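Descriptive analysis of the structure
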Amino acid sequence: MAAIKFERVSKVYGKIPAVKDADFEIRDKEFMVLVGPSGCGKSTLLRMIAGLEEISSGSLFIDDKLVNGLPPKDRDIAIVFQNYALYPHMTAFDNLAFGLKIRGLSKKEIKIKVDEAARILEIESLLDRKPKAMSGGQRQRVAIGRAIVRNPKVFLFDEPLSNLDAKLRGQMRIEIARLHQKLRTTIVYVTHDQVEAMTLGDRIAVMNKGEILQIDTPNNLYAHPKNLFVAGFIGMPPMNFVEGRIGKDQEGLYFQDHSKTLLARTPKRPELEPYLDRELTMGIRPEHIHPYPAKGVVHYAAFQAHIQFVERLGHESFAFSTLQDQQIVARLTPEETVEPLSEMALYFEIEKMHFFDKGTGEAVTGD
Ligand code: ADP
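These remarks concern the structure in this document. (Residues numbered from 1 in each chain as written. Predicted model: local features only at pLDDT ≥ 70, side-chain atom pairs only at ≥ 80, totals over all residues. Heavy atoms only, no water.)

1. Description of the sheet that holds strand β10 (residues 211-216)
We apply this condition: By this definition, two strands are paired if DSSP reports at least two bridges between them. Secondary structure is summarised from DSSP: a helix means a run of H or I of at least four residues, a strand means a run of E of at least two, and numbering begins at the N terminus for each. For helices, the axis comes from a line fit to the C-alpha atoms of the stretch in contact; other axes are also lines fit to C-alpha atoms, and the angle between any two N-to-C directions lies between 0 and 180 degrees. Throughout, a residue-residue contact means that at least one pair of heavy atoms, one from each residue, lies within 4.5 Å.
In space, the six strands of this open sheet follow the order β6-β7-β8-β3-β9-β10, with mixed pairing throughout. Among the strands making up the open sheet, the edge pair consists of β6 (77-81) and β10. Strand-to-strand twist of the sheet, defined as the mean angle between neighbouring strand axes without regard to direction, takes the value 15°. Here strand β9 (residues 203-208) runs beside β10; their pairing, made up of five bridges, is antiparallel. Across the sheet, residue Ala 205 finds its bridge partner in β10, namely Ile 215. Running at roughly 175° to β6, helix α4 (residues 136-149) makes contact with β6 and β7 (154-158) of the sheet.

Structure follows, in structure tokens:
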């Protein structure tokens, strides 16, 4: 059992606030990802769990026990770093065994644990090698193995895949997901990569400037971002944004962009009523824009687009155009063909539009 609870936890370095008022819980056995741009406070939050960073204010609980003053070695937590932190003069076996030796385990017990970790990570054949004779991915496996042999209550990962090339990162991502399925231990995982966050997390905490902006499952974050930052951060290519105003005529409410190129009738969105005659930012994901009306979808807003270029990836392509000086990206299926440098209508699904308050950046929702 290992649940982790933050109660109004803040961290200040000198005068710089690194984490502001973190107030949330990581559930037992959960895979929680902390994601956000560089410098947003992810590592600081992680290091506070490990006990490597003092907490400036607030309370941190592990399994209902207040741990603010508890030294790292008494927390039963293992951390895997980006730079592996292996001992260069030791073989993989000795790197894995080192912590166990210090804790006074017998040779036999150590061998059993090391072999078990090596089997889980499929590094049995590397145990005699020193780090310099291993690839980056192999070293990172050994670093993870060193965490596994300790059988901790919580695993912490601090950008563990950042030093690996794209292909290896993809493989290791799958291995880490499998590891969580096997071990069923609480994992807290820091990354700036939203793809890693989306594929690994049971839940994801999106951070910016020291604050946690939204904690949710990957699907909910994608479908219901609470604010502009989360909407723009999660999803690749990112959500399209168009500035405009809410108006009303005899047919009801509508959203119109400032250049009056796009008119979206939104009578089914009564939550927009308070924004009448006010500015809003509309957001729409690339897959909700089509070169012709999609089957089964009734409500569209169309605009005449000049297609600047098309990126073809085989299973899908991306068409780029401009609306009111904003780049608009449409994600197209292989059947939805468009020609670069052509003029054509693009159809936005009105039901899939998100609206955000321009002042606060908060999503305007019906609930
Ligand atoms: P992230 O992991 O999201 O990149 P960090 O948690 O490392 O962000 O850093 C959050 C903020 O705290 C940044 O502004 C960073 O410069 C600052 N910071 C981190 N560690 C220290 C430190 N030891 N001393 C002073 N400032 C720090």
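2. Description of helix α3 (residues 107-121)
Note the cut-off: A helix is expected to span 1.5 Å multiplied by its residue count minus one. Residue exposure (1.4 Å probe, protein chains only): buried if accessible area is under 20% of the type maximum, exposed if over 50%, otherwise partly exposed. This arc corresponds to the set of directions leading from the helix axis out to the C-beta atoms.
Counted at 1.5 Å a residue, the expected span for α3 with its 15 residues is 21 Å, and the 21 Å between its end C-alpha atoms agrees. Where α3 is concerned, the buried positions are Ile 110, Val 114, Ala 117, Ala 118, Ile 120 and Leu 121. Down the axis, α3 shows its buried residues gathered within 160° of arc, on one side only. Away from the buried face of α3 by more than 90 degrees, exposed residues Lys 108 and Ile 112 are located. In this structure, the buried side of α3 is in contact with α2 (92-102), α4 and α5 (166-183). Just downstream of α3 lies Glu 122, where phi reads positive at about 55°.

3. Details of the site of the ligand
Quick reminder of the rule: Residues are classed as near a molecule or strand on a simple rule: at least one heavy atom within 4 Å of it. Polar contact is the term for a pair of N or O atoms within 3.5 Å; when the atoms are in protein, one must be able to donate a hydrogen and the other to accept it, and sequence-neighboring residues count only if both atoms are side-chain atoms. Values of accessible area rely on a 1.4 Å probe in the Shrake-Rupley scheme; residue burial ignores everything except the protein chains shown.
Around the ligand sit Tyr 13, Ala 18, Pro 37, Ser 38, Gly 39, Cys 40, Gly 41, Lys 42, Ser 43 and Thr 44, and those are all the residues in its vicinity. The side chain of Lys 42 places a nitrogen or oxygen atom 2.9 Å from an oxygen atom of the ligand. With respect to the ligand, the side chain of Ser 43 contributes an N or O atom lying 2.7 Å from an oxygen atom. Relative to its free-state accessible area of 560 Å², the ligand is covered by the protein chains to the extent of 58%.

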